[in-house]
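Examining the three-dimensional arrangement
So the chains spell out like this:
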Amino acid sequence: MLTEPVTESLPEAWRGAFTMERAASWVEERDAEGATLLVVERSSGLPVGLVILFEAQETSAPIELRLGYLLAQSAWGKGIASELVDGLVSWSRQTGVASIVGGVERDNVASRRVLEKNGFACDPATKGAADQMFELRLRPKVRSVER
């Protein structure tokens, strides 16, 4: 699953060839940051991707999730990413998540479309940048009051 074509749009440290050892270490590193979930194709029962979630901040404020995902090449173009993000958004609405943010490499048109289709908007500050940030705000931002 972690082949070079799949990882080429990921952060630099996550790119390249993966041995079983490197893949296991990579998943452990992601789990230390948050949660790594395995994506399984319904029809075949085979693993086809990973979803990486972690909280953007560790405070009592409403939860802001950071999202990352990748799919095996065999799963590209089947609507799995759209279904994944749609399910995450539905779950987030039910559990009180305030926002979801995902980074996308500018040239990764398919991932940008998946996020936009699910209501995410590109942060204007990153528009045109090599790495763009997309956010879906599910609850209004809470402003802190200075006293």
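Residues numbered from 1 in each chain as written. Predicted model: local features only at pLDDT ≥ 70, side-chain atom pairs only at ≥ 80, totals over all residues. Heavy atoms only, no water.

**With respect to the side chain of threonine 36**
Applicable threshold: Under the DSSP-based scheme used, a helix requires at least four consecutive residues in state H or I and a strand at least two consecutive residues in state E, with every element numbered from the N terminus. For every residue, the accessible area obtained with a 1.4 Å probe (protein chains only) is divided by the maximum for its type, and the residue is called buried under 20%, exposed over 50%, and partly exposed between those limits. Any two residues having at least one pair of non-hydrogen atoms within 4.5 Å are treated as being in contact.
By secondary structure assignment, the location of threonine 36 is in strand S1 (residues 35-40). Its relative accessible area of 18% is what places threonine 36 among the buried residues. If near-sequence neighbours (up to four positions away) are discounted, threonine 36 is found in contact with Val27, Arg30, Asp31, Leu50, Val51 and Ile52.

**Points about the side chain of serine 111**
Relative to the helices and strands, serine 111 is located in helix H4 (residues 109-117). Among residues more than four places away in sequence, those in contact with serine 111 are Tyr69 and Val104.

**Regarding the environment of glutamate 83**
Looking at where glutamate 83 falls in the secondary structure, it is placed in helix H3 (residues 80-95). Put simply, glutamate 83 and asparagine 118 are 35 residues apart on the chain and 9.4 Å apart in space, counted from C-alpha to C-alpha.

**A look at the layout of surface pockets**
What counts, and what does not: The rule is simple: put a 1 Å grid over the protein atoms alone, call a set of points where a 1.4 Å probe fits but cannot get out a cavity, call an open set with protein on both sides within 12 Å along at least five of seven lines a pocket, and count a residue as lining if it has an atom within 4 Å of a point. Grid points are joined across faces, edges and corners, and a volume is the space filled by probe spheres set on the points. Only Asp, Glu, Lys and Arg are considered charged, only Ala, Val, Leu, Ile, Met, Phe, Trp, Tyr, Cys and Pro nonpolar, and every remaining residue, Gly among them, polar.
Its boundaries defined by the atoms lining it, the second largest pocket holds a volume of some 230 Å³. Along the walls of the second largest pocket sit Val39, Val40, Glu41, Arg42, Ser43, Val48, Lys78, Ile80, Glu83 and Leu84, which together make up its complete lining. For the lining of the second largest pocket, the secondary-structure elements that each account for two or more residues are S1 and H3. Partitioned by chemical class, the residues of the lining of the second largest pocket number five nonpolar, one polar and four charged.

**Topic: the nonpolar core**
Put simply, the rule reads: To define a nonpolar core, start from buried Ala, Val, Leu, Ile, Met, Phe, Trp, Tyr and Cys residues and group those joined through side-chain atoms within 4.5 Å.
Core analysis: the biggest nonpolar cluster contains 24 residues, and Leu67, Tyr69, Val85, Val89, Ile100, Leu115 and Phe120 have the highest contact counts within it. When residues of this core are traced back to their parent elements, those giving at least two are strand S2 (47-55), strand S3 (64-71), H3, strand S4 (99-105), H4 and strand S6 (131-137). When residues of this core are assigned to their parent elements, the largest contribution, five residues, is made by H3. The contacts of isoleucine 100, once residues within four sequence positions are left out, are Leu65, Leu67, Leu88, Val89, Ser92, Phe120, Phe134, Glu135, Leu136 and Leu138. Phe18, Ala23, Leu50 and Leu70 belong to the second largest nonpolar core, which has six residues in total.

**Structural notes on the confidence of the model for the protein chain**
Counted only if it meets this: Predictor confidence is given residue by residue as pLDDT, running from a minimum of 0 to a maximum of 100.
Here the protein chain averages 84 in pLDDT, while 81% of its residues score no lower than 70. Predicted confidence in the protein chain is weakest over helix H1 (residues 4-7), with a mean pLDDT of 67, and strongest over strand S5 (residues 121-122), with 96.

**Topic: the pattern of salt bridges**
Using the following cut-off: Salt-bridge detection follows one rule: a side-chain nitrogen of Lys or Arg within 4 Å of a carboxyl oxygen of Asp or Glu.
The final tally for this structure, using the stated rule, is five salt bridges. Put simply, glutamate 41 and lysine 78 hold a salt bridge, and the shortest N to O gap is 3.6 Å. Residue glutamate 41 is found in the loop between S1 and S2, and its partner lysine 78 is found in the loop between S3 and H3; the two are separated by 37 residues along the sequence. By relative accessible area, glutamate 41 is classed as buried at 18%. Note that glutamate 83 is salt-bridged to arginine 42, the shortest N-O span being 2.4 Å. With glutamate 83 in helix H3 and arginine 42 in the loop between S1 and S2, the pair connects residues that are 41 residues apart, well separated along the chain. Taken together, the shared-partner salt bridges in this structure form one network comprising Glu64, Glu135 and Arg137.

**Considering the sheet that holds S2**
Let me state the cut-off plainly: Two strands form a pair only when DSSP identifies at least two bridges running between them. Every axis corresponds to a line fitted to the C-alpha atoms, with the helix fit spanning only the stretch in contact, and the corresponding angles, defined between N-to-C directions, vary from 0 to 180 degrees.
Read across the sheet, six strands follow the order S1-S2-S3-S4-S6-S5 without closing on themselves; strand pairing throughout is mixed. Strands at the two margins of the open sheet, each flanked by one partner only, are S1 and S5. Running at roughly 160 degrees to S3, H3 makes contact with S1, S2, S3, S4 and S6 of the sheet.

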